[in-house]
Amino acid sequence: MGLLSDPVRRRGARPPRAAPQTVLSYLAGIAWFLALAFPPLTQRTYMSENAMGSTMVEEQFAGGDRARAFARDFAAQRRKSGALPVAWLERTMRAVGLEVHTQSFSRKLPFPDETHERYIVSGTNVYGILRAPRAASTESLVLTVPCGSDSTNSQAVGLLLALAAHFRGQIYWAKDIIFLVTEHDLLGTEAWLEAYHDVNVTGMQSSPLQGRAGAIQAAVALELSSDMVTSLDVAVEGLNGQLPNLDLLNLFQTFCQKGGLLCTLQGKLQPQDWTSLDGPLQGLQMLLLMVLRQASGRPHGSHGLFLRYRVEALTLRGINSFRQYKYDLVAVGKALEGMFRKLNHLLERLHQSFFLYLLPAISRFVSIGLYMPAAGFLLLVLGLKISSLHEAGVGLEEPGGSPGPSVPLPPAQVTAPPSVVGVGPISKSLCALQGMGLASLVAPLLISQAMGLALYVLPVLGQHVAAQHFPVAEAEAVVLTLLAIYAAGLALPHNTHRVVSTQAPDRGWMALKLVALIYLALQLGCIALTNFSLGFLLAATMVPAAALAKPHGSRTLYAALLVLTSPAATLLGSLFLWRELQEAPLSLAEGWQLFLAALAQGVLEHHTYGALLFPLLSLGLYPCWLLFWNVLFWK
């Protein structure tokens, strides 16, 4: 025990070889993730909430013709006015017996959104409230239809109005039901949610709501582009990777099965045969699609913004393809009626099922307890490298001394410094860092973090200056500034260690790598707990390069590996993988254009909705990656 606990005697010990363990740990993490699509790691979904355990309700909706008539009138009024027909919606909602209110909002985007061709956005939301005849308006449900400038969602509006008329004639409602039509897609939804909960988290300017219902228990967003659908596709990924309670998805699947509706996930049919190899392989493809969508942090539908307010929500999209299955609005309306009738039975918020899960199929899931070991094995690689560097650093002689084993002193003659007497492992690591040239770390750490801060702040602040001096638009200026600062970071930090004098170069780069490994492990661990998909993707790409980075050996090979596993390269590779899994592969030129658009959308969604991917990469992972780049070019 003396050799392990006494730093004086441990100087002569040989540092352990961590290479075999790190390779095995990394391969185990990748293999564990790939095995998630195979039984028994993937399990069948089941209903946990007792109030929704039975589908013994008789759906009576038969307003298909009425829904189509509403849809035709809405489309005609929209073409006539060129915007959301607010007055027509108010009249129609009042005619079916709802309490109708409107809300105006406006938002100036940080830079023009070229995807939707908008900069200063103003619009009006219309919502009608069906008051519960059997309760005191303490709880509510929401059925919402987003209407964007480039979306054709007339059939969804028609079905919403037909369902409102049908629900108005029933007496069993114990919760208020809000029928919401929002303008400008997610912007209108965010404006309404902020006003409903009396908060302002995105700088949205909106009028206060004149009518409110109870606390929202659940919400369903509906998107239909045709009177006939071949399947209903469900989207669960919300803002910053949030997911709804699994019971809400189980409820949707249950009523689709009852009504014979074909339901899909990620736009694909679920595998049927899980006993052969084909079923799990298809499940792995859908699992990867969900991981990529969740890692993006984007709200993939209006439901994604409800999740931030602890409202369980889904987005249902009608797909009309070449398949032989055809369903009309009556079948979709009955499924929605059944869902709302079961949600009406809830006595408390959905909480008994999982909030953290992965879906290899709509009827199968992987719980957090089964998928977290995959990230744990990858993070173990960093832990082993940290331990190896710590042991190697303590084993080196002080600057000016000669390396090699020293003669151990008798215990009575060994006097430990007061700073290390009775301290724990963290304090011992700090003491080891002090002996490894802590002063040489100040410049790389400060400059790398400053580069990350510049990457976060300057593109939006300097867009007008860049647009004035170069023939580019504001959105292009933001993207070009991002790329310029990112590339400049490759040239600056690896020379920063020259501003200090280090007598032991080995101690300098080892200390810097030790700090960088601890920094990366903490970040990836925190990210994996809140958004497993993002944490796993970043760990799978960054961990090997971080573990191998050193200023010896083939620097060209290590530099290429670091560049290929940088945050920007990970984003670019994810886009190619996404389109490959969607069976729509990209060329290099198309992939680059999609990459530039993704950069602009990432910055815009952070400032507009509060998406956290951009600040995580710019303020956290990019500076950490620069530290490893500094280690590689240490001289």
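The text that follows walks through the structure, step by step, so that each part is easy to find. Nothing here was measured: the structure is a model prediction, and the numbers come from that model.

## Some words on the overall build of the chain
The helix and strand tally for the chain stands at 21 helices and 12 strands. Each of the 635 residues in the chain was classed as buried or not, and the buried ones make up 53%. When the accessible surface of the chain is split by element, carbon and sulfur atoms take 61% of a total near 27,000 Å².

## Quick word on helix H4 (residues 86-95)
Taken residue by residue, H4 has Val-86, Trp-88, Leu-89, Thr-92 and Met-93 as its buried positions. Down the axis of H4, the buried side of the element spans an arc of 160°, and every buried residue falls inside it. Every exposed residue of H4 that faces more than 90 degrees away from the buried side is listed here: Arg-91 and Ala-95. In this fold, the buried residues of H4 make contact with helix H3 (64-81), strand S2 (99-113), strand S3 (118-130), helix H5 (154-168) and strand S5 (176-183). Backbone geometry just downstream of H4 places Gly-97 in the positive-phi region, at approximately 100°.

## Quick notes on helix H20 (residues 588-609)
The first and last C-alpha atoms of H20 sit 30 Å apart over 22 residues, in line with the 32 Å expected at 1.5 Å per residue. When H20 is considered as a whole, its buried residues turn out to be Gly-591, Phe-595, Leu-596, Leu-599, Ala-600, Gln-601, Val-603, Leu-604, Glu-605, His-606, Thr-608 and Tyr-609. Directly after H20, the chain includes Gly-610, whose backbone phi takes a positive value near 90°.

## Let's talk about a nonpolar patch on the surface
On the surface, a nonpolar cluster with roughly 350 Å² of combined accessible area is contributed by Val-442, Leu-446, Ile-447 and Leu-492. Tracing the backbone shows Leu-492 in the loop between helix H15 (474-491) and helix H16 (505-530).

## Remarks on the side chain of Gln-253
You can see Gln-253 is positioned in helix H7 (residues 246-259). Judged by its relative accessible area of 6%, Gln-253 falls in the buried class. Setting aside anything within four residues of it in sequence, one finds Gln-253 in contact with Thr-45, Cys-263, Ile-362 and Ser-363.

About the thresholds
All residue numbers here refer to positions counted from 1 along the written sequence of the relevant chain. Local features are withheld for residues below a pLDDT of 70 in this predicted model, meaning they are given only at 70 or higher, and side-chain atom pairs are given and counted only at 80 or more; totals for whole chains, interfaces and linings count all residues. Each side-chain value is derived from all of the structure's non-hydrogen atoms; neither hydrogens nor water enter the calculation. Secondary structure is summarised from DSSP: a helix means a run of H or I of at least four residues, a strand means a run of E of at least two, and numbering begins at the N terminus for each. In this scheme, a residue with accessible area under 20% of its type's maximum is buried, one over 50% is exposed, and one in between is partly exposed, where area comes from a 1.4 Å probe on protein chains only. The Shrake-Rupley method, run with a 1.4 Å probe, gives the accessible areas here. Residue values count only the displayed protein chains as cover. An arc is given here, and it is the one of the directions from the helix axis to the C-beta atoms. When checking whether two residues touch, look at their non-hydrogen atoms; a contact exists if any pair is within 4.5 Å. An expected span of 1.5 Å times one less than the residue number is assigned to each helix. For patch detection, residues must exceed 30% relative accessible area and be free of salt bridges, and they are connected within 9 Å for like charges or within 5 Å for nonpolar side chains (Val, Leu, Ile, Met, Phe, Trp, Tyr). One speaks of a salt bridge when a side-chain nitrogen belonging to Lys or Arg is within 4 Å of a carboxyl oxygen belonging to Asp or Glu.

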